[in-house]
Amino acid sequence: MDLTSDGFEAERPQPIRSGWRRALLIFTALGAGGFAAGRIAYRLDSVTLPMTLVMLSTLAPFFALLGFGLWWLVFGDYGRVTRVLLALAAAAVVVAVPFLAQGFWVPQPGGMKMFGLIWGAPLAAAVAGLVLAFVPALRGWPAILVAMVAVSPWLLTRTEGVTGAFDLDVSFRWSTPPTAAAEKQLAGRATVAPTAVVADVPVGPADWTGFRGADRAGVAPVAAFQGWDGTAPKERWRKNPIGPAWSSVCVAGDFLFTQEQRGESESVVSYRTADGTEVWAHGDAGKHTDWASGAGPRATPTLANGRLFAATASGAIVALQAGSGAPLWRVDLKEKYGATKPPFGWSSSPLAVGELVVLSPAAPEAPRLVALSAATGELKWQTEAKGTYGYSSPQLSTVANVPLVLMFNGEGLFAHDPATGAEVWRYDGKVQANEPATVQPLVLAGDRIVIGGGIKGTGTRCLAVAKSGEKWSVTEKWATTKFTPVFNDVVRFGDFLFGLDTGRLVCLDLANGSIRWREGNYGSGQLLLVGDKLLVASEQGRLACVAASGDEYEELWALPAVKGKTWNHPVVAGGRLYFRNPTEMATYDLPGYMGRK
């Protein structure tokens, strides 16, 4: 017993407690709560946060781990040297996790390096720390084993990209991705000689000649579904595998055209509409792939005057004879115009205007638009203004009784003279680099134009265009941040606008942009208007038919069409419904169709 000088018992010093358990709980709650708040804000319309904060919320677990590490260095148990050594050891483990996640034992694309760092390591640290704090029986090696189990999802899986909601699309590392298997299987068929040569491929009123139709409005011509009784279509044929691509199809009579990644070539492929027999394929050396959306072409071929025009994701524009696939000419956007490839590849589909082919190089170093001779590929005109990265396509529209080429990109909406390329009018609407313009402008009656899309929160607006003499004016009629179609195009029926936002089908009143209803769960799919019905292609490959009504949401029927992530646009032409995704294509007959002889 220790006594003081006056004989009383001396007070023993109390051990200093660092409170690391409390700190661990606080930082874990901050990391998990920040991440959850961002996801909720992204999905719920009632929650409005700046997109920068929403994006930063995905890093909340990593920031929480970093914060706890700094706290430990200053206030943790043990001596200073021991704390520093333990912190360095923990940092080495954190750094090792993403490198293991990137390659592990199967070195192939789709590594989880980034996600292992921002999510995997924090989760493992939180689980191990909580075990050490509150389950004494598992301290030591058992806690390390628990941490290894917590980090194992990032070591045993790979990403196949993301969904439209930016959720990870994952699979086990030892499995073969369907897209990679299809690409490899078809590598030897990048170019295929025609089984039969057709002198001409005429276009009729029931055909579909390019991306989202002739005017890019996503509306099936009446002749394409005449007599359809509205019931679910009947499967006619199915093609599996096809090469990966986000391309849609164009259709003329007996022939269908699309694009596919076949090995190290981006191929334009022709099939017979009656049974899916491959007619010919033309491969162009090149391959684009990115971690979010995978490999393959993005654009859709355009058919005009017996010629087929296609843009590869690698940046080549090719012109082919539609009947045989014979090459006519080729232009490289990088070589010709110095264009650098957008992060997700060249996605803009060519536009045929008479004897011209209008293209968007979609790069800040290149012209906003260029026009080439459809016959030779020779340059006819190019805009003085430079472009910007983006993924929408030029379209021919009539506004105030004047034919114009419209281009929507990250700088705004621009109208050009189809004959000369001169800028006629513009609407400045610059967006951030992480909010790329992807959705097509929708021209309405009364010279109104709806534009929107990009990262959630960018919103949608309706512009009013007027012409007085030689002067043009563009004013904003209404705007809303409650509807952002991201990269999912919209359609109009009557006085209503329909589109997808965070997976839900939304109906807006075109008079003021107010929301009439918001229902369903289709992911980041695409829409096609067929008469008074909406064909909704879901992100999961399901096809649904919804009444195009502003009064209420009514799903009339639905069917599973293709398997796997699907961002491709459906097409109705000649009494048939054509639908594809990166590995599979299915064709259906419309019951009651009266247009076929």
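Residues numbered from 1 in each chain as written. Predicted model: local features only at pLDDT ≥ 70, side-chain atom pairs only at ≥ 80, totals over all residues. Heavy atoms only, no water.

Chemist: With reference to specific residues and values, describe the pairing of strand β24 (residues 460–468).
Modeler: Pairing geometry for strand β23 (residues 448–452) and β24, over five bridges, is antiparallel. Each residue of the ladder has a partner; that of glycine 452, found in β24, is threonine 460. Across nine bridges, β24 lies against strand β25 (residues 471–480) in antiparallel orientation. Paired with cysteine 462 across the bridge in β25 is tryptophan 478. Linkage of β24 to β25, two consecutive antiparallel strands, is achieved through a turn of two residues, within which glycine 469 is found at a positive phi near 65 degrees. (Pairing = 2+ DSSP bridges. Helix = DSSP H or I, 4+ residues; strand = E, 2+ residues; numbered from the N terminus.)

Chemist: Help me get a handle on the sheet that holds strand β27 (residues 496–501), residues and values and all.
Modeler: One open sheet holds the four strands; their spatial order is β26-β27-β28-β29, and the pairing between them is antiparallel. Single-partner strands in this sheet number two, and they are β26 (491–493) and β29 (515–519). Neighbour to neighbour, the strand axes of the sheet diverge by 25 degrees on average, direction disregarded. Here four bridges tie strand β28 (residues 504–509) to β29, and the two strands are oriented antiparallel to one another. Paired with valine 506 across the bridge in β29 is arginine 518. (Axes fitted to C-alpha atoms, helices over the stretch in contact; angles between N-to-C directions.)

Chemist: Report on helix α3 (residues 60–75), specifying residues and quantitative values.
Modeler: With 16 residues, α3 ought to run about 22 Å at 1.5 Å a step, and its terminal C-alpha atoms sit 22 Å apart, in line with that. By the burial criterion, the buried members of α3 are Ala60, Pro61, Ala64, Leu65, Gly67, Phe68, Trp71 and Trp72. What you see down the axis of α3 is that its buried residues fit within an arc of 165 degrees, all on one side. When the buried face of α3 is taken as reference, the exposed residues oriented beyond 90 degrees from it are Leu70 and Val74. (Expected span 1.5 Å × (residues − 1). Buried < 20%, exposed > 50% of the residue type's maximum accessible area, 1.4 Å probe, protein only. Arc of directions from axis to C-beta.)

Chemist: Describe the sheet that holds strand β12 (residues 316–321), listing the residues and the values that go with them.
Modeler: If you walk across this open sheet you meet the four strands as β10-β11-β12-β13, and the pairing is antiparallel. At either end of the open sheet lies a strand with only one pairing partner, and these are β10 (302–304) and β13 (327–332). Direction aside, the axes of adjacent strands within the sheet are offset by 15 degrees on average. Taken together, the five bridges between β12 and β13 define a ladder with antiparallel strand orientation. Of the residues in β13, the one forming a bridge with isoleucine 317 is valine 331.

From the geometry alone we can't say anything about function, so treat these as descriptive.
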